[in-house]
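Remarks on the overall topology
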Amino acid sequence: MSLSTLAAARGLPLHQASSAAEQAQQLAERVAGALNRALSTSATASLALSGGRSPEAFLRQLDRQPVNWSRIRLTLVDERWVPDTHADSNAGLVRRCMPTALRSATWYGLYQGGAPQRPPESDAQAASAFLQAWLPLDVVVLGMGTDGHCASLFPEQPGLEARLARNALTVCEAVPGPQQAPRLTLTGAALRTARLQLLAISGEDKCQRLCDAFDGPATRWPVAAFLAPPLEIFYSPEG
Ligand SMILES: O=C(O)[C@H](O)[C@@H](O)[C@H](O)[C@H](O)COP(=O)(O)O
């Protein structure tokens, strides 16, 4: 079945773009609109962004949107356990792409320094203080790997089921592939508290993998944990 049929059957709005540039614009406008709507009834609004290779054009478009960034609390969905000067840092990506926003937004980078290890007690306290202060998020923007991972919730990861069900910010082991650093990730339930959840994918391969994920299970396709309202899907055939 096609992505549009699968999305419609679950009541998930599907925004189809004809190019990567159009998808970046659509997604940036959707995020800005949701933040401004949140600000119409609240003093602040919160946004958690994903990193990786795909979001650069979107982040640069978002930085140009008419948002009062001084009232926005900005963080990440996940982070590699590296300083923001490192090439793999998601915080570094946001810093490069969103200079306007970061001049006035309240920024919370997930990497708090220290060696890659299970958070010592102090970090665990920092993590729970973060969750208390930040959840429920107003908007989260998710990406997806071709293996169906979302955030740093990877297929068949040890402890994945608990991570999908818990409300937490947790360290997870280094994942196979080029980025070997351990990661810090918001868990499934924490991300699912968001009032608006947006998933952006591009390319035929990811489209097919996402269609496969509709059958689940989330332990094989972590993105499956998010395939329910209030999720909206943004798709472009080109990466
Ligand atoms: O830290 C990360 O890698 C991201 O937060 C991750 O969850 C990303 O959304 C997917 O890995 C897709 O990444 P690409 O856009 O690079 O395919």
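Everything here concerns the structure above.
The following refers to the structure shown. (Residues numbered from 1 in each chain as written. Predicted model: local features only at pLDDT ≥ 70, side-chain atom pairs only at ≥ 80, totals over all residues. Heavy atoms only, no water.)

**Examining the pairing of strand β8 (residues 183–186)**
Taking every second residue as pointing to the same face, both faces of β8 are buried, with Arg183 and Thr185 on one and Leu184 and Leu186 on the other. Direction of pairing for strand β4 (residues 78–80) relative to β8: antiparallel, over a ladder of 3 bridges. Its bridge partner lying in β8, Asp78 is registered against Thr185. Across 4 bridges, the pairing between strand β7 (residues 169–172) and β8 is antiparallel. Residue pairing across strands places Val171 opposite Leu184, the latter belonging to β8. (Buried < 20%, exposed > 50% of the residue type's maximum accessible area, 1.4 Å probe, protein only. Helix = DSSP H or I, 4+ residues; strand = E, 2+ residues; numbered from the N terminus. Pairing = 2+ DSSP bridges.)

**Quick look at the environment of Ala228**
One can find Ala228 in the loop between α9 (204–213) and β10 (231–236). Classification of Ala228 by relative accessible area gives partly exposed; the value is 27%. Once the C-alpha coordinates of Ala228 and Arg163 are considered, the two residues, 65 residues apart in sequence, prove to be 18 Å apart. Residues in contact with Ala228, not counting those within four places in the same chain, are Leu12 and Arg192. (Contact = heavy atoms within 4.5 Å.)

**Some thoughts on helix α4 (residues 90–97)**
Count 3.6 residues to each turn of an α-helix, and residues three or four apart come out pointing the same way. Counted residue by residue, α4 has 6 buried out of 8 residues, so it is predominantly covered. Along α4, the residues classified as buried are Asn90, Ala91, Gly92, Leu93, Val94 and Cys97. Considering only its buried residues, α4 is in contact with β2 (45–49), α3 (56–62), β3 (72–76), β4, α5 (99–104) and β5 (106–108). Measuring from the side-chain oxygen of the N-cap residue of α4 to the backbone nitrogen of Ala91 gives 3.2 Å; that N-cap residue is Ser89. (Polar contact = N/O pair within 3.5 Å; in protein donor to acceptor, adjacent residues only side chain to side chain.)

**As for the packing of aromatic side chains**
Under the counting rule described, the total for this entry stands at 4 aromatic pairs. Measuring from centroid to centroid gives 5.9 Å for Trp81 and Tyr111, while their planes differ by 90 degrees, and the two rings are edge-to-face. Of this pair, Trp81 sits in the loop between β4 and α4 while Tyr111 sits in the loop between β5 and α6 (121–134), and the two are 30 residues apart along the sequence. A cation sits over an aromatic face here: Arg73 above Trp134, 5.0 Å from the ring centre. (Phe/Tyr/Trp six-rings, centres within 6.5 Å; stacked < 30°, edge-to-face > 60°. Lys NZ or Arg CZ within 6 Å of the ring centre and 35° of its normal.)

**Side note on the site of the ligand**
Neighbouring the ligand are 15 residues; Arg53, Ser54, Asp78, His149 and Lys206 lie closest to it. In the model, an oxygen atom of the ligand is placed 2.6 Å from a nitrogen or oxygen of the Arg53 main chain. In this structure, an oxygen atom belonging to the ligand sits 2.7 Å away from a side-chain N or O atom of Lys206. Against a free-state accessible area of 410 Å², the protein chains account for coverage of 95% of the ligand. Across the shell around the ligand, the residue classes break down as 2 nonpolar, 8 polar and 5 charged. (Near = heavy atom within 4 Å. Areas by Shrake-Rupley, 256 points an atom, 1.4 Å probe, with all protein chains shown as cover. Nonpolar A, V, L, I, M, F, W, Y, C, P; charged D, E, K, R; others polar.)

Don't take any of this as a statement about function, it's just geometry.
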